[in-house]
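Observations on the three-dimensional arrangement
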Amino acid sequence: MNYRTVLTICPYCGCGCGMYLPVLDGCLGRPIPDKTHPLSQGRLCIKGWSAHEHVASKDRLTKPLVKTQGEFKEVGWDAALDLVAARLLKIREQHGPDSLAFLCSAKCTNEENFLLQKFARAVIGTNNVDHCARL
Amino acid sequence: MNTPEVEIRERVRQLLDDDRLPGVLGLRAEHGHVGPHVFNSADDLTALVLEPRYGMALVCQAILDGSPKGRLGVVARGCDERALIEMAKLGQVDLARLVLIGLACSEQQARECMCTRPYPRRIDVGEKVAGVAPGDDARVQQLLAQDVQARLAFWQSEFNRCIKCYGCRNVCPVCICDACVLEEMCWVERGKIPPELPFHLIRAYHIADKCILCGACESACPVDIPLTTLYALSQARLKELFDYEPGLDVTQKSPLTTTLEETPLHEL
């Protein structure tokens, strides 16, 4: 039996509530709210309480899928990224940069979010940047 | 005299070194935060602390469920022990696999939780202090002085703050159903906040004969709904009607499951 609790921050929004993730023999369990966290003080919302569910979910996507003729097909990362890049460039060429928008995520790091907005503004040329925490 | 913390550390050390227990569940202070932790070695015990109070029963259950055999020690307050006893009645934990280090709460802690029984059956560390009598709870007194309509209005205004985080259900040691009716569309409309009154009443009914008033639900509630007050009132009725308190004795069955068989209601 190897039981550990890992101190961490809820990955969902900018509030940053404290939680412990219990790990029993490598399996992640339901978060335990951190009672000593100065902000959340042992409370979580439904998102924090469910933060572990996607990790072992059978519905979780682990490989890129491309939809061709109405069906999803597994492809490699290079093929997926080539396709996305080609489509983004084509849309920008045909409809202008403001026809594109970019959604970042509170689940990413500051640096990842910075990169996405930099990509949107400096590479694509649009200020259409938003994030999931506004949902 | 040693502090309760030092005494508990010594007890845990004995269980690990002398009794060869593979682990003892307690609270660990690390990175300026405190959370549940299984101590496997006597070398780590300087990090063992006793505050704040976390419910240990669900953590015990998760650990025991994940390992088919072996024993586990646990630092248990009165509420932890009562939760474990109720869970054992419901077939959720095997008490024979647990070694409890009984910790009595201080008078101040008892008051903070409005706890009627702030000690386990066997006290290893701490002094037994009298619990707070149910009648001493100002919130309960205030409510009981009002008529039914005023009380209903009070509870409705409290429940209206609910953000449906399900924290009260998630931390509850006696809320045990695998399929929870609070996740069924016919009882609780999806996407609607606050939920209708049944959300809270269903939970109150489900734990009516099991709630050991640990207060975990209330301390997990992000909007401060005084759930312990609600459940304390229903527990007081259970005591009055059936002279029954959950969590005291694993062989004692709930009157709600036995009364009609053993004593028909009209004879009560």
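Throughout, residues of each chain are indexed from 1 in the direction in which the sequence is written. Note on labels: chains are lettered from A, ligands numbered from 1, in written order. Only residues with pLDDT of at least 70 get local features here, since the model is predicted, and only at 80 or more are side-chain atom pairs given and counted; chain-wide, interface and lining totals rely on the full set of residues. Just so you know, side-chain values use all the structure's heavy atoms and leave hydrogens and water out.

Describing the overall build of chain A
Note the following rule: Numbering of helices and strands runs from the N terminus, with a helix taken as a DSSP run of H or I at least four residues long and a strand as a DSSP run of E at least two residues long. Note that the radius of gyration is over C-alpha atoms, with the globule rule given as 2.2 Å times the number of residues to the power 0.38. Three exposure classes are used, based on accessible area relative to the maximum for each residue type with a 1.4 Å probe and protein chains only: buried under 20%, partly exposed in between, and exposed over 50%. Any two residues having at least one pair of non-hydrogen atoms within 4.5 Å are treated as being in contact. Here the accessible surface of atoms and residues is derived via Shrake-Rupley with a 1.4 Å probe, and residues count as covered only by protein chains that are part of the display. Counted charges follow a simple rule, with Lys and Arg positive, Asp and Glu negative, and His plus the chain ends left uncounted. We put the charge of a Lys on NZ, of an Arg on CZ, of an Asp on CG and of a Glu on CD.
Of the regular secondary structure elements, chain A holds three helices and eight strands. Start at the N end of chain A and walk to the C end: the helices and strands fall as β-β-β-β-α-β-β-α-β-α-β. The C-alpha radius of gyration of chain A comes to 19 Å, more than 25% above the 14 Å expected for a compact globule of 135 residues. Oriented by its inertia axes, the alpha-carbon framework of chain A measures out at about 55 × 35 × 20 Å. Counting every position in chain A, which comprises 135 residues, the buried fraction comes to 28%. Excluding contacts between residues fewer than 6 apart, the proportion of contacts in chain A whose partners are at least 24 apart in sequence is 36%. By element, 57% of the accessible surface of chain A is carried by carbon and sulfur atoms, the whole surface being about 9100 Å². Each charge sign in chain A was given a centre, from 17 positive and 13 negative side chains, and these centres are 5 Å apart.

Some thoughts on empty space enclosed by the protein
Residues and elements named next belong to chain B. Quick note on the threshold: Here a cavity is any set of points on a 1 Å grid over the protein atoms alone where a 1.4 Å probe fits but cannot get out, and a pocket is any open set with protein on both sides within 12 Å along at least 5 of 7 lines; a residue lines the site when it has an atom within 4 Å of a point. Grid points are joined across faces, edges and corners, and a volume is the space filled by probe spheres set on the points.
Counted under the stated rule, the structure contains three cavities of 30 Å³ or more. Its boundaries defined by the atoms lining it, the largest cavity holds a volume of some 110 Å³. Cys162, Cys165, Cys168, Cys221 and Pro222 are, among the 16 residues lining the largest cavity, the residues nearest its centre. Broken down by secondary-structure element, the contributors of at least two residues to the lining of the largest cavity are α7 (167-171), α8 (198-206) and α9 (216-220).

Describing the domain arrangement of chain B
Residue and element names in this part refer to chain B. Counted only if it meets this: Domain extents, as shown, originate in an automatic or database domain assignment. What counts as buried area is the accessible surface, traced by a 1.4 Å probe, that two parts surrender upon association, with contributions from both included. The rule for a salt bridge is simple: a side-chain nitrogen of Lys or Arg has to be within 4 Å of a carboxyl oxygen of Asp or Glu. Polarity classes work like this: nonpolar for Ala, Val, Leu, Ile, Met, Phe, Trp, Tyr, Cys and Pro, charged for Asp, Glu, Lys and Arg, and polar for all others, with Gly in that last group.
Along its sequence, chain B is organised into domain 1 (4-132) and domain 2 (135-267). For domain 1 versus domain 2, the separation of C-alpha centres amounts to 25 Å. Each partner contributes residues to the interface: domain 1 has 17 residues there, and domain 2 has 20 residues. Summed over both sides, the interface between domain 1 and domain 2 buries roughly 1600 Å², with carbon and sulfur atoms accounting for 63% of that surface. Taken together, the links from domain 1 to domain 2 amount to one salt bridge. Among the salt bridges present, the one from Arg117 reaches Glu245, with a minimum N-O distance of 2.9 Å. Of all the secondary structure elements, the ones that give two or more residues to the side of domain 1 that touches domain 2 are α2 (57-66) and α3 (78-89). A class-by-class count of the residues in the side of domain 1 that touches domain 2 yields 11 nonpolar, one polar and five charged.

What to know about the domain arrangement of chain A
Residue and element names in this part refer to chain A. Partitioning chain A into domains gives domain 1 (3-49), domain 2 (61-95) and domain 3 (96-135). Taken over C-alpha atoms, the centre of domain 2 sits 18 Å from the centre of domain 3. Contact residues are listed per partner, giving five residues for domain 2 and seven residues for domain 3. With both sides pooled, the region where domain 2 packs onto domain 3 buries about 540 Å², and carbon together with sulfur makes up 67% of that total. Contact with domain 3 buries area across many residues of domain 2, yet Leu88, Arg92 and His95 alone supply 86% of it, more than any other trio. The tally of links from domain 2 across to domain 3 stands at zero salt bridges.

Thoughts on α8(B)
Every buried residue belonging to α8(B) is among B:Phe199, B:His200, B:Ile202, B:Arg203 and B:Ala204, and all of these are buried. At its buried positions, α8(B) is contacted by α6 (148-159), α7, α9 and α10 (227-242) of chain B.

Focus: the layout of surface pockets
Volume-wise, the second largest pocket comes out at about 310 Å³. In terms of lining, the second largest pocket is formed by 16 residues, of which the most central are A:Ile46, B:Lys164, B:Tyr166, B:Arg190 and B:Gly191. Residues of the lining of the second largest pocket, tallied by class, amount to nine nonpolar, one polar and six charged.

Thoughts on the interface of chain B and chain A
In many reports, interface size means the accessible area that the parts give up when they come together. With 32 residues of chain B at the contact, the number on the chain A side is 22 residues. Counting the surface lost from both chain B and chain A, the interface buries some 2100 Å², and carbon and sulfur atoms represent 60% of this. Taken as a group, B:His33, B:Tyr54 and B:Asn170 account for 25% of the area that chain B buries against chain A, more than any other trio of residues on that side. If you look at where chain B meets chain A, you find one salt bridge. Measuring nitrogen to oxygen at the nearest pair gives 3.0 Å for the salt bridge that ties B:Asp224 to A:Arg43.

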